[in-house]
Amino acid sequence: MKTLIIAGGSGFLGQVLTDYFKNKVEQIYILSRSNHVSHKTSTEAQVKEKGNIQFLPWDAKTLGPWSAYLEDADVLINMTGKSVDCRYHQKNRDLILSSRVDATRILGQAIMQCERPPKVWLNSSTATIYRHSTDLEMDETDGEIGEGFSVSVAQAWEKEFFSYALPKTRQVALRTSIVLGKEGGAFVPIKRLTQLGFGGKQGPGNQKVSWIHEEDFARSIEFILQKKEIQGVINIVSPTPTTNAQLMQTLRKKIGIPFGIPMGKSMLELGAKIIQTETELILKSRNVIPKKLIEYGFTFNYPKLDETLTHLLKS
């Protein structure tokens with residue numbers, strides 16, 4: 001693989017992928033709205049280099065000089081989207097939806113204009129698309145789609161992605177679960193809460209938590225790129241969902257904290273308002289398994305929660 005383009009590459013998952021692939025590909029282009037890049041008019045001024053990594057400015061809404069870099073690219077990965085770690089008032093709901101759909105739409109339009117389009121387009125989706133489930137495991141074949149705001153966003157996201165007929169470009173939607181990483185994602189605040197003594201179960205505690213180690217997340221992306229027969233939707237999760245109570249108990253044990261104050265739903269509601277987030281992120285039961293990855297032969301380096309937390313807690 002020579003050329004990899006990551007849209008939204010400045011976020012946590014984008015950085016995980018950049019770190020993983022930077023020594024595996026010749027060139028990485030990152031489409032970013034952050035201050036990594038200049039927004040001057042000339043193409044030359046727009047490119048900032050860091051080794052074999054170049055940052056290109058884009059607004060994730062309109063075509064621009066960045067679209068020329070899609071020509072002859074091997075892989076495009078779209079990770080763009082406003083964080084869902086916020087209050088779901090109307091303004092944020094609109095931004096969560098539009099940031100995902102608009103970015104996907106403009107990338108689709110850019111690919112349509114290419115004479116030699118990217119060979120593969122991987123687009124973010126979310127394992128939250130499945131219904132709340134404490135019993136039935138959700139896979140790509142038999143998983144039941146849920147209801148509510150987050151599910152409707154995921155459905156609109158995937159609908160836009162698959163609306164493009166691209167005979168020269170393989171398309172895969174990544175239904176990704178919680179990615180546990182040392183430097184970002186959900187693991188950092190969960191660890192801090194536990195260290196402060198608030199590492200008890202949250203809500204009923206029986207809600208399922210589907211997760212994946214950051215290294216396996218990146219490795220699964222590489223695997224999908226190598227397996228040309230993989231297309232459509234795919235779950236990016238570990239094979240062993242846990243429960244909220246088990247997650248917090250295991251983390252307390254690993255950190256060496258003998259107790260953890262549990263937080264009921266009313267306390268979670270209050271806390272969510274204070275830190276400007278939503279309790280759905282904690283209370284929804286995500287019981288998702290990676291049927292496709294396993295069927296195609298992917299092996300996890302960190303299939304179990306215990307060894308995952310041990311690795312992440314190493315200094």
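*Asks:* What should I look at first to understand the packing of helix α3 (residues 90–112) against helix α4 (residues 149–161) in this one?
*Replies:* The geometry of a pair of packed helices is captured by two quantities: the angle between their axes and the separation between those axes. Running from amino to carboxyl end, α3 crosses α4 at an angle of 15 degrees, the nearest separation of the two axes being 8 Å. The orientation of α3 with respect to α4, classified from their angle, is roughly parallel. Between α3 and α4 lies a crossing whose hand is right-handed. Judged by residue contacts, R93, I96, L97, R100, V101, T104 and R105 of α3 engage F149, V153, A156, W157, E160 and F161 from α4.

*Asks:* Which parts of the structure should I look at to understand the pairing of strand β2 (residues 27–32)?
*Replies:* Each regular strand shows side chains that alternate between the opposite faces of the sheet. In terms of residue burial, β2 counts as a mostly covered element, since 6 of its 6 residues are buried. On β2, burial covers both faces: Q27, Y29 and L31 on one face and I28, I30 and S32 on the other are all buried. For the crossover that starts at strand β1 (residues 3–7), traverses helix α1 (residues 12–21) and ends in the parallel β2, the hand is right-handed. Here 5 bridges tie β2 to strand β4 (residues 53–57), and the two strands are oriented parallel to one another. If you follow I30 over to β4, its bridge partner there is F55.

*Asks:* Would you mind going over a nonpolar patch on the surface with me for this structure?
*Replies:* A surface patch of nonpolar side chains, about 460 Å² in accessible area, is lined by L193, L196, F198, F259 and I261. Among the secondary structure elements, F198 is positioned in the loop between α5 (187–195) and β9 (208–209). Residue class for F198 comes out partly exposed when judged on its relative accessible area of 31%.

*Asks:* Got a minute to help me understand the environment of E26 in this structure?
*Replies:* Along the chain, E26 falls in the loop between α1 and β2. Judged by its relative accessible area of 53%, E26 falls in the exposed class. Residue contacts for E26: discarding those within four places in its chain leaves M1, K2 and N52.

*Asks:* In this structure, what is going on with the side chain of E222? I would like to understand it.
*Replies:* On the secondary structure map, E222 appears in helix α6 (residues 214–226). If near-sequence neighbours (up to four positions away) are discounted, E222 is found in contact with Y20, F21 and K24.

*Asks:* I keep staring at the nonpolar core and nothing clicks. Help me out?
*Replies:* Nonpolar side chains tend toward joint burial in soluble globular proteins. Grouped together as the largest cluster of nonpolar side chains are 31 residues, with contacts concentrated most on L17, L122, F217, I221 and I224. Looking at which element gives the most residues to this core, the answer is α6, with 6 residues. Those residues in contact with F217 that sit more than four places away from it in its chain are L13, V16, L17, M79, T176, V179, I212 and I236. Counting 23 residues, the second-largest nonpolar core is a separate cluster that includes L56, L76, L107 and I111.

*Asks:* I would appreciate a short explanation of the packing of aromatic side chains in the present structure.
*Replies:* Taken as a whole and assessed by the stated rule, the structure comprises 9 aromatic pairs. Seen from their ring centres, Y20 and F21 are 5.1 Å apart, and the 85 degrees between their planes marks the pair as edge-to-face. Look at F21 and you get buried, because its relative accessible area is 1%. Through a chain of ring-to-ring contacts, three or more aromatic side chains come together here, namely W121, F161, F162 and Y164. Over the ring of W157 we find R100; its NZ or CZ atom is 5.0 Å from the centre of that ring.

*Asks:* Would you take a moment to explain the environment of T126 for this structure?
*Replies:* Along the chain, T126 falls in strand β6 (residues 120–126). Remark: the alpha-carbon pair of T126 and W157, spanning 31 residues in sequence, is separated by 9.4 Å. When sequence neighbours within four positions are dropped, the list of residues in contact with T126 reads A154, W157, L174, R175 and T176. Polar contacts involving the side chain of T126 include one to the main-chain amide nitrogen of T128, which spans 3.0 Å.

*Asks:* Looking at this structure, how should I read the pairing of β6?
*Replies:* Most of β6 is tucked away: 7 of the 7 residues are buried. Side chains V120, L122, S124 and T126 project from β6 onto one buried face, and the interleaved W121, N123 and S125 project onto a second face that is buried too. Note on the crossover from strand β5 (residues 75–78) through α3 to β6: the handedness is right-handed. Sheet analysis places β6 next to strand β7 (residues 170–176), joined by 7 bridges and oriented parallel. Bridge pairing in β7 links S124 to L174.

Thresholds, definitions, all that
Residue positions are counted from 1 within each chain, in the order its sequence is given. Local features in this predicted model are restricted to residues whose pLDDT is 70 or higher, and side-chain atom pairs enter the listing and the counts only when it is 80 or higher, whereas totals over whole chains, interfaces and linings include all residues. The side-chain values count all of the structure's non-hydrogen atoms but skip hydrogen atoms and water molecules. Simply put, an axis is a line fit to the C-alpha atoms, just over the touching stretch for a helix, and the angle between two N-to-C directions goes from 0 to 180 degrees. Think of it this way: any DSSP run of H or I at least four residues long counts as a helix, any run of E at least two long counts as a strand, and we number them from the N terminus. Each angle is binned into one of four classes, with values under 35 degrees roughly parallel, values over 145 roughly antiparallel, values of 65 to 115 roughly perpendicular, and all other values oblique. Take the far helix as the reference: if the near one is turned anticlockwise from it by less than a right angle, the crossing is left-handed, and if turned clockwise, right-handed. Note on definitions: a residue-residue contact is assigned when non-hydrogen atoms from the two residues lie within 4.5 Å. For every residue, the accessible area obtained with a 1.4 Å probe (protein chains only) is divided by the maximum for its type, and the residue is called buried under 20%, exposed over 50%, and partly exposed between those limits. We call a crossover right-handed when, viewed with both strands directed away from the observer, the connection leading from the first strand over the helix to the second proceeds clockwise. Two strands pair under a simple rule: DSSP has to find at least two bridges between them. Two joining distances apply to patches: 9 Å for like charges and 5 Å for nonpolar side chains (Val, Leu, Ile, Met, Phe, Trp, Tyr), and every residue must have over 30% relative accessible area and no salt bridge. All accessibility values rest on the Shrake-Rupley procedure with a 1.4 Å probe; residue burial counts only the protein chains present in the view. Here a salt bridge means any side-chain nitrogen of Lys or Arg lying within 4 Å of a carboxyl oxygen belonging to Asp or Glu. Residue types Ala, Val, Leu, Ile, Met, Phe, Trp, Tyr and Cys, when buried and joined through side-chain atoms within 4.5 Å, form a set referred to as a nonpolar core. Stacked, edge-to-face and tilted are the three classes for Phe, Tyr and Trp ring pairs, Trp counted by its six-membered ring, which pair at centre distances within 6.5 Å; planes under 30 degrees apart are stacked, over 60 edge-to-face, the rest tilted. By the criterion adopted, a ring carries a charge over it if an Arg CZ or a Lys NZ lies within 6 Å of its centre and within 35 degrees of its normal. Residues adjacent in sequence count toward polar contacts only when both atoms are side-chain atoms; beyond that, a polar contact is any pair of N or O atoms within 3.5 Å, and within protein one must be able to donate a hydrogen and the other to accept it.

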